[in-house]
Amino acid sequence: MRIKPIQKYNPQDAGADNKFYAQAVATGKIDLKRLAYLVSNQSSVREGDCYAVILSMVHNIMNELKQGKIVKLDRLGSFQLGISSEGVATKEQVSGSLVKDIRINFRPDADMKGTLNTKTVKFTINDSLI
């Protein structure tokens, strides 16, 4: 994984000197078609079938999230909707019209956390971004 140094100030102490921190650098993107291709090469399932299954899974995950369910994918993690809303004085005033934003929260499974850590990921400075 590539990292780059970034300089940040301390918002709790405006008089403190800025410090440099490591920031992760993305090295590209992968889409569903590429994932389907990779899965098909690691199994006896054809690429088009893998793609169709993954698309169907995404569709069903979204539908289950809309129903308020937590979607747990073993070894990957759990997805759950979270919301931001305006505040009101009484509980009787609370309604869906107060919701300002919806986000998808992801909590990685223990297997994923255990596999991706500072002992298993090699870090290199991305010189082209300095």
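So, here's what we can say about the structure.

For residues other than glycine, phi is negative in most cases, and the peptide bonds are mostly trans. Positive phi outside glycine occurs at Arg 75, with the angle close to 75 degrees. Relative to the elements of secondary structure, Arg 75 occurs in the loop between strand 3 (71-73) and strand 4 (77-85).

Before going further, it helps to spend a moment on the pattern of salt bridges. When the charged atoms of two side chains with opposite charge come close together, those side chains can pair. Taken as a whole, this structure holds five salt bridges when the rule is applied. Here Glu 64 makes a salt bridge to Lys 69, at a shortest N to O gap of 3.0 Å. For Lys 69, a relative accessible area of 41% translates into the label partly exposed. The residue Asp 74 makes a salt bridge to Lys 72 at a minimum N-O spacing of 3.5 Å.

Our next topic: the packing of aromatic side chains. This structure, assessed with the given rule, holds one aromatic pair. Ring centres of Phe 79 and Phe 106 lie 5.0 Å apart, and the angle between their planes is 45 degrees; on these two criteria the pair is classed as tilted. Taken as a pair, Phe 79 in strand 4 and Phe 106 in strand 5 (residues 99-108) lie far apart in primary sequence, 27 residues in all. The cationic tip of Lys 8 hangs over the ring face of Tyr 21; the distance from NZ or CZ to the ring centre is 6.0 Å.

Here the focus is the sheet that holds strand 4. Backbone hydrogen bonds are what pair the strands of a sheet, in a parallel or an antiparallel way. Pairing is antiparallel across the open sheet formed by three strands, whose spatial order is 3-4-5. Of all the strands in the sheet, just strand 3 and strand 5 have a single pairing partner and so form its edges. Neighbouring strand axes in the sheet, compared pairwise and without regard to direction, differ in orientation by 25 degrees on average.

With 20 residues, helix 2 (residues 47-66) extends 29 Å between its outermost C-alpha atoms, agreeing within 8% with the 28 Å of an ideal straight helix rising 1.5 Å per residue. Listed in full, the buried residues belonging to helix 2 are Cys 50, Ile 54, Ile 61 and Leu 65. Taken around the axis of helix 2, the buried residues stretch over an arc of 40 degrees, which confines them to a single face. On its buried face, helix 2 sits against helix 1 (32-41), strand 3, strand 4 and strand 5.

Looking now at the environment of Thr 124. Mapped onto the elements of the fold, Thr 124 is located in strand 6 (residues 124-125). Of the residues examined, Thr 124 reaches a relative accessible area of 32% and is grouped as partly exposed. For the pair Thr 124 and Met 1, spaced 123 residues apart in the sequence, the C-alpha separation amounts to 6.3 Å. In this structure Thr 124 touches Met 1, Arg 2 and Ile 3, once residues within four positions along its chain are discounted.

Quick look at the sheet that holds strand 2 (residues 19-25) now. The strand order across the open sheet formed by three strands is 2-1-6, and the pairing between neighbours is mixed. Two strands bound the open sheet, and with one partner strand each, they are strand 2 and strand 6. As paired elements, strand 1 (residues 2-8) and strand 2 share seven bridges and run antiparallel to each other. Paired with Ile 6 across the bridge in strand 2 is Tyr 21.

You can see Asp 109 is positioned in the loop between strand 5 and helix 3 (110-115). In this structure Asp 109 comes out as buried when scored by relative accessible area, which is 15%. Within the local environment of Asp 109, its side chain forms a polar contact with the side chain of Lys 72, the two groups lying 2.8 Å apart.

Conventions and cut-offs
Residues numbered from 1 in each chain as written. Predicted model: local features only at pLDDT ≥ 70, side-chain atom pairs only at ≥ 80, totals over all residues. Heavy atoms only, no water. Helix = DSSP H or I, 4+ residues; strand = E, 2+ residues; numbered from the N terminus. Salt bridge = Lys/Arg side-chain N within 4 Å of Asp/Glu carboxyl O. Buried < 20%, exposed > 50% of the residue type's maximum accessible area, 1.4 Å probe, protein only. Phe/Tyr/Trp six-rings, centres within 6.5 Å; stacked < 30°, edge-to-face > 60°. Lys NZ or Arg CZ within 6 Å of the ring centre and 35° of its normal. Pairing = 2+ DSSP bridges. Axes fitted to C-alpha atoms, helices over the stretch in contact; angles between N-to-C directions. Expected span 1.5 Å × (residues − 1). Arc of directions from axis to C-beta. Contact = heavy atoms within 4.5 Å. Polar contact = N/O pair within 3.5 Å; in protein donor to acceptor, adjacent residues only side chain to side chain.

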